[in-house]
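Understanding the architecture of this molecule
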Amino acid sequence: MSSLYERLGGEKAVNAAVELFYRKVLADGRIARFFDGVDMEDQIAKQKSFLTMAFGGPNSYTGLDMRNAHKRLVAKGLNDSHVDAVIENLDSTLRTLGVPEKEVREVATLANSVRDDVLGR
Amino acid sequence: MTLSPGETVLEALLRAGVETPHSCRAGQCQCCMLRAIDGAPPEESQRGLTDAQKALGFFLPCICHPTAPLKVVAPDDAGAPQEATIRAIEPLSEDVVRLRIETENFSYRPGQFLELIAEPGLSRHYSLASCPEEDAFLEMHIRLHPNGRMSRRLMADLRSGDKLHIAGPRGTCFYEGVAADQPLTLIGAGTGLAPLYGVLRDALRQGHRGPIRLYHGARDSKGLYLTDELQALAHARDFTYLPATLDTGGDVAALALAAEAPRAAHTAFFLCGGENLVKRLKRDLFMAGASMKAIRSDAFTPAG
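**Comments concerning the overall build of chain B**
- Counting secondary structure elements, chain B contains seven helices and 14 strands.
- Once the C-alpha set of chain B is aligned to its principal axes, its extents read approximately 65 × 50 × 30 Å.
- Counting the 304 residues in chain B, one finds 50% classified as buried.
- Within chain B, residue pairs in contact and separated by at least 24 positions form 68% of the contacts whose partners lie at least 6 positions apart.
- Of the accessible surface of chain B, which amounts to about 13,900 Å², a share of 49% is contributed by carbon and sulfur atoms.
- Positive and negative side-chain charges of chain B, numbering 32 and 36 respectively, have mean locations separated by a distance of 3 Å.

If you want it as structure tokens, here you go:
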């Protein structure tokens, strides 16, 4: 059986999703402040790698990377409610792109699996 | 260095003990990016890079299986400095001068920047306003700061015929990957006009057919420069020149955003100027629907 990443459309799907997802995240008053002063091109590359991981695509995800990348944000108050907001935006991005409900839930489950790493627990 | 069968460039570099930043090893995070200055990296290894980066030979070593020899350098390597001769230093406005220099074999794209080395320990980055196909010189627009070391050196000591050194070029703010029929919008403030002037002339030379708009912002009318040339060029070549000065309520970023937001999704943007201006425009245009790949920018950070 093909992977979730392939079923969603592989790299093309990630490319289609990344800008839409990031636009939603930046417009979300609950989490936008965590992106203040962040270089957007850099951030888009990171979102791309996050989405590739969330879609179960090729990456060599290590919890350590996630922990280090978010340490500064945890110090700024990043908590479960913000992770919820990010996953909500991810859901709505996928729905906008017409991804079937079953896959949307699978992606949310994958994204949820890195929650503890992101929050440094 | 010879690669083992099946080995990627990144794996070979790490095996040889060459320190190379990397993370995903799957062509996603782009943190291992290198540049080939000799030989063409396989297309597959340039996946996800911008057209400008591809044109400069950038590639991702973690997904690179080369089929022919490559000579690679770190992405920010500007190469060895070379000698250049000053041809002109002349005022463009009260506090901006035009510097023209000549050098041998310096290949660049209009809108890129170079490092100007006036003496050991005194160097600055300046954008190129010239076009290699049309100009025999390299042209830079330099804002004079009363206490700036480079400014003082340029005004007090250097004359036509004097030598200095340059290194580079660098930067990806040039006309590449723009469709000929796409709207092209150039927004800059102060000497941010320099790279935009280069890009504009390059686009016209390459036969750009879509509508072109050039916004140039300054504090007051004395801060605008090249106005006659731009007006004449706009008249002759059919593009829109939109100068804006703060003292008359013309905040260039606000004006440009209001006009450009409705068509942002289809437009190619070039943004040049101070860091705050560039960041604000980049973010707001992206939020208005512009694709990140269609926004090229060059932000200046002031030096003493």
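**Some points on the interface of chain A and chain B**
- Across the boundary between the two partners, chain A contributes 20 residues, which contact 19 residues of chain B.
- Taken together, both faces of the contact between chain A and chain B bury some 1,700 Å²; the carbon and sulfur share is 53%.
- The interface formed by chain A and chain B contains one salt bridge.
- Between B:Arg47 and A:Glu11 there is a salt bridge, and its shortest N-O distance comes to 3.1 Å.
- At the surface where chain A touches chain B, the tally comes to seven residue pairs in polar contact (both at pLDDT 80 or more).
- Secondary structure elements with two or more residues in the side of chain A that touches chain B: helix 2 (10-26) and helix 3 (40-54) of chain A.
- Looking at the side of chain A that touches chain B, the element that brings in the most residues is helix 3 of chain A, giving seven residues.
- The residue makeup of the side of chain A that touches chain B, split by class, is eight nonpolar, five polar and seven charged.

**Things to note about the side chain of A:Lys48**
- Along the chain, the position of A:Lys48 falls in helix 3.
- Not counting residues up to four positions away in its chain, the partners in contact with A:Lys48 are A:Glu11, A:Val14, A:Asn15, A:Val18, B:Gln28 and B:Gly48.

**Overview of helix 5 (residues 80-96) of chain A**
Residues and elements named next belong to chain A.
- Look at helix 5: 24 Å from first C-alpha to last across 17 residues, which is about the 24 Å you get at 1.5 Å a residue.
- Taken residue by residue, helix 5 has His82, Val83, Ala85, Ile87, Asn89, Leu90, Asp91, Thr93 and Leu94 as its buried positions.
- Where helix 5 is buried, its residues meet helix 2, helix 3, helix 6 (101-112) and helix 7 (115-118).
- Of the residues one or two after helix 5, Gly98 is the one with positive phi, at around 80°.

**Details of unusual backbone geometry**
All names here are of chain B.
- Between Gly168 and the following residue, Pro169, the backbone shows a cis peptide bond with an omega angle of 5°.
- Mapping Pro169 onto the fold places it in strand 9 (residues 163-170).
- Positive phi, normally seen in glycine, also occurs at Asn105, with a value near 50°.
- Here Asn105 falls in the exposed class, since its relative accessible area comes to 76%.

**Some points on the nonpolar core**
- Among the nonpolar cores identified, the biggest contains 54 residues, and A:Phe55, B:Ile187 and B:Leu285 are the most heavily contacted of them.
- Here this core gets eight residues from one element, more than from any other, and that element is helix 2 of chain A.
- Residue contacts for A:Phe55: discarding those within four places in its chain leaves A:Leu4, A:Tyr5, A:Leu8, A:Ala13, A:Val14, A:Ala17, A:Leu94, A:Val107 and A:Leu110.
- Counting residues in each nonpolar core, the second largest holds 27 residues, with B:Ala194, B:Leu196, B:Val199 and B:Leu214 among its members.

**A look at the packing of helix 2 of chain A against helix 3 of chain A**
All names here are of chain A.
- Viewed as axis vectors pointing N to C, helix 2 and helix 3 meet at an angle of 130°, and their least axial separation amounts to 9 Å. For the element pair helix 2 / helix 3, the angle class is oblique. In this structure, helix 2 crosses over helix 3, and the sense of that crossing is right-handed. In contact with Glu11, Val14, Asn15, Ala17, Val18, Glu19, Phe21 and Tyr22 of helix 2, helix 3 contributes Met40, Gln43, Ile44, Gln47, Lys48, Phe50, Leu51 and Thr52.

**A short note on the sheet that holds strand 2 (residues 58-59) of chain B**
All names here are of chain B.
- As summarised here, the arrangement of the three strands in space is 2-1-3, forming an open sheet in which the pairing is antiparallel. The two strands at the open ends of the sheet, each matched to only one other strand, are strand 2 and strand 3 (71-73).
- Relative to strand 2, strand 1 (residues 34-38) is paired through two bridges, and the arrangement is antiparallel. Looking at strand 2, one finds that Leu34 is bridged to Phe59.

Definitions and cut-offs
- Residues numbered from 1 in each chain as written.
- Chains lettered and ligands numbered in written order.
- Predicted model: local features only at pLDDT ≥ 70, side-chain atom pairs only at ≥ 80, totals over all residues.
- Heavy atoms only, no water.
- Helix = DSSP H or I, 4+ residues; strand = E, 2+ residues; numbered from the N terminus.
- Buried < 20%, exposed > 50% of the residue type's maximum accessible area, 1.4 Å probe, protein only.
- Contact = heavy atoms within 4.5 Å.
- Areas by Shrake-Rupley, 256 points an atom, 1.4 Å probe, with all protein chains shown as cover.
- Lys, Arg positive; Asp, Glu negative; His and termini not counted.
- Charge placed at Lys NZ, Arg CZ, Asp CG, Glu CD.
- Buried area = accessible area lost by both parts, 1.4 Å probe.
- Salt bridge = Lys/Arg side-chain N within 4 Å of Asp/Glu carboxyl O.
- Polar contact = N/O pair within 3.5 Å; in protein donor to acceptor, adjacent residues only side chain to side chain.
- Nonpolar A, V, L, I, M, F, W, Y, C, P; charged D, E, K, R; others polar.
- Expected span 1.5 Å × (residues − 1).
- Core = buried A, V, L, I, M, F, W, Y, C linked by side-chain atoms within 4.5 Å.
- Axes fitted to C-alpha atoms, helices over the stretch in contact; angles between N-to-C directions.
- Parallel < 35°, antiparallel > 145°, perpendicular 65-115°, else oblique.
- Left-handed = near helix turned anticlockwise from the far one by under 90°.
- Pairing = 2+ DSSP bridges.

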